[in-house]
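Chain and residue survey
Next come the chains, spelled out residue by residue.
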Amino acid sequence: MAHIIVVGNEKGGAGKSTVSMHVASALSRMGHKVSALDLDLRQRTFSRYVENRNEFCAAANLTLPSPDVHELPEIDANALKPGENIYDHRLSAAVAALEPDNDFILIDCPGSHTRLSQVAHSLADTLITPLNDSFVDFDLLARIDATGDKIKGPSVYSEMVWNARQLRAQAGLQPIDWIVVRNRMGAQRMVNKEKMERAIEMLASRIGFRIAPGFNERVIFRELFPRGLTLLDLKDIGVKQLNISNIAARQELRDLMKALKLPGVSIDF
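The rules behind each value
- Residues numbered from 1 in each chain as written.
- Predicted model: local features only at pLDDT ≥ 70, side-chain atom pairs only at ≥ 80, totals over all residues.
- Heavy atoms only, no water.
- Helix = DSSP H or I, 4+ residues; strand = E, 2+ residues; numbered from the N terminus.
- Buried < 20%, exposed > 50% of the residue type's maximum accessible area, 1.4 Å probe, protein only.
- Lys, Arg positive; Asp, Glu negative; His and termini not counted.
- Charge placed at Lys NZ, Arg CZ, Asp CG, Glu CD.
- Pairing = 2+ DSSP bridges.
- Right-handed = clockwise from strand over helix to strand, strands pointing away.
- Expected span 1.5 Å × (residues − 1).
- Salt bridge = Lys/Arg side-chain N within 4 Å of Asp/Glu carboxyl O.
- Contact = heavy atoms within 4.5 Å.
- Core = buried A, V, L, I, M, F, W, Y, C linked by side-chain atoms within 4.5 Å.
- Polar contact = N/O pair within 3.5 Å; in protein donor to acceptor, adjacent residues only side chain to side chain.

So, about the overall build of the chain. Summing up its helical and strand segments, the chain has nine helices and nine strands in all. For the C-alpha atoms alone, the extent of the chain along its principal axes is close to 55 × 55 × 35 Å. Going through the 269 residues of the chain one by one, you find that 48% of them count as buried. Taken as two groups, the 33 positive and 33 negative side-chain charges of the chain have centres that lie 5 Å from each other.

Dropping the structure here:
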């Protein structure tokens, strides 16, 4: 049965699609069969990323390891029972169709609260939550006092994850392995960065998630999207020598993949 990875955060601009594409492509490159679902039915950033990749490969006559992106199937609303939600059925039908033939199913959620996102979280074996290194973004996980040293209580997204965990427990499923990925961290040791580190560590022990390093703010990520490329593709497209920033970014991806501890995955890049 496929291992389901959900990438979620209700705040936009946290780097969900970048993380999704790099994780999915890295798994594909390591020989795993990966399918993906983009639940942001309006912006479709992850889907556009893969479309850009396919177009670039076709134009350059290249074959790069890639996830297969699938659309949610249409469901006849007349076949639903009273009280049933059509989005629940569309997502469950998509996952059921993909599970037998894939090692991993990656689900990229929108940067907002939707019914699809809520249901997807309850399906997650691994939940990845990219979080910008800012107290503005931290507020999505928990309310904190003015000093930044005391957690006042969980916020809306943490409560949704808790509800998803309860649903899985009631269904007799394994607990969600929740990983909060710190994105866009500055290279320098600054007071805000140190406060964020302490706050996330406090919250991790309180509500139960692991912390993983993410991607620093780098121009390379903005440059890769139009071609649908990832850090692991640079040598394949003829980049003979990576610059220092690209080497550092590649190591960040390696560190992230190791921290996820996905089943059956051996990091070989």
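Once you've had a look at it, read on.
A few words on the pairing of strand β2 (residues 34-38). Counting buried positions along β2 yields five of five residues, so the element is predominantly enclosed. Side chains Val 34, Ala 36 and Asp 38 of β2 all project onto a buried face; the interleaved residues Ser 35 and Leu 37 project onto the opposite face, where all are buried too. As judged from the five bridges shared by β2 and strand β4 (residues 104-108), these two strands associate in the parallel manner. Along β4, the bridge assignment pairs Asp 38 with Asp 108. As paired elements, β2 and strand β3 (residues 68-70) share three bridges and run parallel to each other. For Ala 36, the partnering residue across the bridge sits in β3 and is Val 69. Once the chain exits β2 it traverses helix α2 (residues 45-60) before rejoining the sheet at β3, and the crossover so formed is right-handed.

Although it is not a glycine, Asn 61 adopts a positive phi angle of roughly 55 degrees. The phi torsion at Lys 261 lies on the positive side, around 55 degrees, for a residue other than glycine. Examined against the element boundaries, Lys 261 turns out to sit in the segment after α9 (244-260).

In this section: helix α6 (residues 156-170). With 15 residues, α6 should reach 21 Å at 1.5 Å per residue; the first-to-last C-alpha distance of 21 Å fits that figure. Just past α6, the residue Gly 172 takes up positive phi, approximately 75 degrees.

A separate point is the side chain of Asp 108. Residue placement: Asp 108 occurs in strand β4. No salt bridge is formed by the buried Asp 108. Its closest oppositely charged neighbour is Lys 16, at 6.4 Å. If near-sequence neighbours (up to four positions away) are discounted, Asp 108 is found in contact with Val 7, Lys 16, Ser 17, Ser 20, Leu 37, Asp 38, Leu 39, Asp 40 and Phe 46.

Turning our attention to the pattern of salt bridges. Under the definition given, this model contains 14 salt bridges. Its salt-bridge partner being Glu 217, residue Arg 222 comes within 2.8 Å of it at the nearest N-O pair. Here Arg 222 falls in the exposed class, since its relative accessible area comes to 52%. For Glu 217, a relative accessible area of 45% corresponds to the partly exposed category. One salt-bridge network, held together by shared partners, links Arg 29, Arg 53, Asp 233 and Asp 236.

What follows concerns the nonpolar core. Within the largest apolar cluster, 41 residues are counted, with the highest numbers of intra-cluster contacts made by Ile 5, Val 23, Leu 27 and Met 257. If you list the elements that add at least two residues to this core, you get β1 (3-7), α1 (16-29), β2, α2, β4, β8 (177-183), α8 (219-224) and α9. Contact partners of Leu 27, with chain neighbours within four places excluded, come to Ile 5, His 32, Val 34, Phe 104, Met 257, Leu 262 and Val 265. Tyr 157, Met 160, Trp 178 and Val 180 belong to the second largest nonpolar core, which has 37 residues in total.

Our focus in this paragraph is helix α3 (residues 86-98). The end-to-end C-alpha distance of α3 is 19 Å, a good match for the 18 Å that 13 residues give at a rise of 1.5 Å each. Restricting attention to buried positions, one finds in α3 the residues Asp 88, Arg 90, Leu 91, Ala 94, Val 95 and Leu 98. Where α3 is buried, its residues meet β1, β2, β3, β4 and α4 (115-123). Residue Asn 85 occupies the N-cap position of α3, its side-chain oxygen lying 2.8 Å from the main-chain nitrogen of Tyr 87.

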